[in-house]
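Descriptive analysis of the structure
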Amino acid sequence: DVKVTQSSRYLVKRTGEKVFLECVQDMDHENMFWYRQDPGLGLRLIYFSYDVKMKEKGDIPEGYSVSREKKERFSLILESASTNQTSMYLCASTFMGPGQGAPGTGELFFGEGSRLTVL
Amino acid sequence: ELKVEQNPLFLSMQEGKNYTIYCNYSTTSDRLYWYRQDPGKSLESLFVLLSNGAVKQEGRLMASLDTKARLSTLHITAAVHDLSATYFCAVDEVDFMKTSYDKVIFGPGTSLSVIP
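Note that the coordinates shown come from a computational prediction; the quantities given were computed from them, not determined experimentally. (Residues numbered from 1 in each chain as written. Chains lettered and ligands numbered in written order. Predicted model: local features only at pLDDT ≥ 70, side-chain atom pairs only at ≥ 80, totals over all residues. Heavy atoms only, no water.)

We now examine unusual backbone geometry. Residue and element names in this part refer to chain B. That bond from Asn7 to Pro8 is cis: its omega, 0°, falls within 30 degrees of zero. Mapped onto the elements of the fold, Pro8 is located in the loop between strand S1 (4-7) and strand S2 (10-14). Of note in this structure, Ala78 is not a glycine but carries a positive phi near 50°. Of note, Ala78 is situated in the loop between strand S8 (71-76) and strand S9 (85-93). (Helix = DSSP H or I, 4+ residues; strand = E, 2+ residues; numbered from the N terminus.)

This next bit is on the sheet that holds strand S3 (residues 19-25) of chain B. Residue and element names in this part refer to chain B. The strand order across the open sheet formed by 5 strands is S1-S3-S8-S7-S6, and the pairing between neighbours is antiparallel. Edge positions in the sheet fall to S1 and strand S6 (55-58), since each has one partner strand and no second. In this sheet, neighbouring strand axes are inclined to one another by 15° on average, regardless of whether the strands run parallel or antiparallel. (Pairing = 2+ DSSP bridges. Axes fitted to C-alpha atoms, helices over the stretch in contact; angles between N-to-C directions.)

This part is about the interface of chain A and chain B. Across the contact, 26 residues belong to chain A and 18 residues belong to chain B. In total, chain A and chain B occlude about 1700 Å² of area from one another, counting both sides; carbon and sulfur atoms represent 56% of this. The tally of links between chain A and chain B comes to 0 salt bridges. Applying the counting criterion to the chain A and chain B interface returns 4 residue pairs in polar contact (both at pLDDT 80 or more). Top element by residues in the side of chain A that touches chain B is strand S5 (residues 42-49) of chain A. It accounts for 3 residues. Of the residues assigned to the side of chain A that touches chain B, the class counts are 10 nonpolar, 10 polar and 6 charged. (Contact = heavy atoms within 4.5 Å. Buried area = accessible area lost by both parts, 1.4 Å probe. Salt bridge = Lys/Arg side-chain N within 4 Å of Asp/Glu carboxyl O. Polar contact = N/O pair within 3.5 Å; in protein donor to acceptor, adjacent residues only side chain to side chain. Nonpolar A, V, L, I, M, F, W, Y, C, P; charged D, E, K, R; others polar.)

Our next topic: the sheet that holds strand S8 (residues 73-78) of chain A. Residues and elements named next belong to chain A. Strands sit in the order S1-S3-S8-S7 across an open sheet of 4 strands; the sheet is antiparallel. Since the sheet does not close on itself, it has two edges, and those belong to strand S1 (4-6) and strand S7 (65-70), each with one partner. Geometrically, the sheet is characterised by an average inter-axis angle of 20° between neighbouring strands, direction not taken into account. Here 4 bridges tie S7 to S8, and the two strands are oriented antiparallel to one another. Across the sheet, residue Val66 finds its bridge partner in S8, namely Leu76.

Time to look at the pattern of salt bridges. Residue and element names in this part refer to chain A. All told, the structure shown has 9 salt bridges over all chains when counted by the stated rule. Residue Glu112 pairs with Arg9 through a salt bridge whose shortest N-O separation is 3.0 Å. Note that Glu112 is positioned in the loop between strand S10 (109-110) and strand S11 (114-118) and Arg9 in the loop between S1 and strand S2 (10-13), a separation of 103 residues in sequence. What makes Glu112 partly exposed here is its relative accessible area of 48%. Put simply, Glu79 and Lys18 hold a salt bridge, and the shortest N to O gap is 3.5 Å. A residue pair is termed long-range when its members are at least 10 positions apart, and Glu79 in the loop between S8 and strand S9 (87-94) and Lys18 in the loop between S2 and strand S3 (19-25) qualify at 61 residues. Here Glu79 falls in the partly exposed class, since its relative accessible area comes to 44%. Judged by its relative accessible area of 43%, Lys18 falls in the partly exposed class. One network of salt bridges, with partners in common, ties together Asp28, Glu30 and Lys71. (Buried < 20%, exposed > 50% of the residue type's maximum accessible area, 1.4 Å probe, protein only.)

Next up on the list: the side chain of Arg36(A). All names here are of chain A. Looking at the secondary structure, you find Arg36 in strand S4 (residues 31-38). Look at Arg36 and you get buried, because its relative accessible area is 7%. Within the structure, Arg36 has its side chain in polar contact with the side chain of Tyr64 (distance 2.9 Å). If near-sequence neighbours (up to four positions away) are discounted, Arg36 is found in contact with Gly42, Leu43, Arg44, Ile46, Ile60, Tyr64, Asn84, Gln85, Thr86, Ser87, Met88 and Tyr89.

Bringing the nonpolar core into the picture now. Soluble globular proteins tend to bury their nonpolar side chains together. Counting 26 residues, the largest nonpolar core has Val4(B), Leu32(B), Trp34(B), Leu74(B), Ile76(B), Tyr87(B) and Leu112(B) as the members making the most contacts within it. Elements supplying a minimum of two residues to this core: S2, S3, strand S4 (32-37), strand S5 (43-49), strand S7 (61-66), S8, S9 and strand S11 (110-115) of chain B. Sort the elements by how many residues they give to this core and S9(B) lands first, with 4 residues. Residues Met32(A), Ile60(A), Val66(A) and Ala81(A) belong to the second largest nonpolar core, which totals 20 residues. (Core = buried A, V, L, I, M, F, W, Y, C linked by side-chain atoms within 4.5 Å.)

Given below as structure tokens:
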């Protein structure tokens with residue numbers, strides 16, 4: 001089974017703090033994603049990566065950055081946390097090899113989520 | 001821009017009854033996914049539908065895809081309480097003009113509550 005592990009299930013941070021959310025997948029997947037989920041707004045794509053050291057902005061990248069130094073690990077960084085970044089953050093990965101479809105698409109395997117509260 | 005709609009958004013049904021959740025999308029795509037989310041939990045993949053006419057079944061759930069109508073259905077047979085969850089459909093959006101990135105577009109979700 002695919003396993004996507006997020007480092008923290010629950011975090012509480014203060015405004016202005018730097019926050020790291022880590023995500024590791026064990027299935028050698030090419031693509032990794034960060035979403036946030038908020039009531040009434042559904043899932044919104046923050047960033048994704050289709051290769052090591054590659055990244056693409058999603059729909060709401062402002063206030064976030066990402067890092068993918070190794071294929072299995074994709075980190076989301078909040079440089080200076082703000083209260084409007086209180087949310088559930090979901091990491092996902094997918095394999096998209098030749099003939100499997102376009103780089104940013106495919107069946108997603110999600111981590112358990114990280115619920116971040118910024119005070 | 002691809003839009004994905006689900007109908008209904010909220011569904012309360014009795015155990016033992018049948019019902020169908022509908023997923024419509026606005027532009028051409030031949031890949032559609034169904035996910036389940038339990039309260040406070042993450043999303044779990046249920047079905048992957050990769051072509052017109054595709055049908056997949058798992059237990060009391062059956063999903064189908066009609067790419068010409070841009071419609072997928074998730075049919076629930078003889079519902080049980082354990083099926084209470086939020087169900088999302090999602091569709092691949094491929095930007096053939098390459099003016100933007102390819103991505104997966106999610107519907108708003110259907111919150112299902114099965115009442116004993």
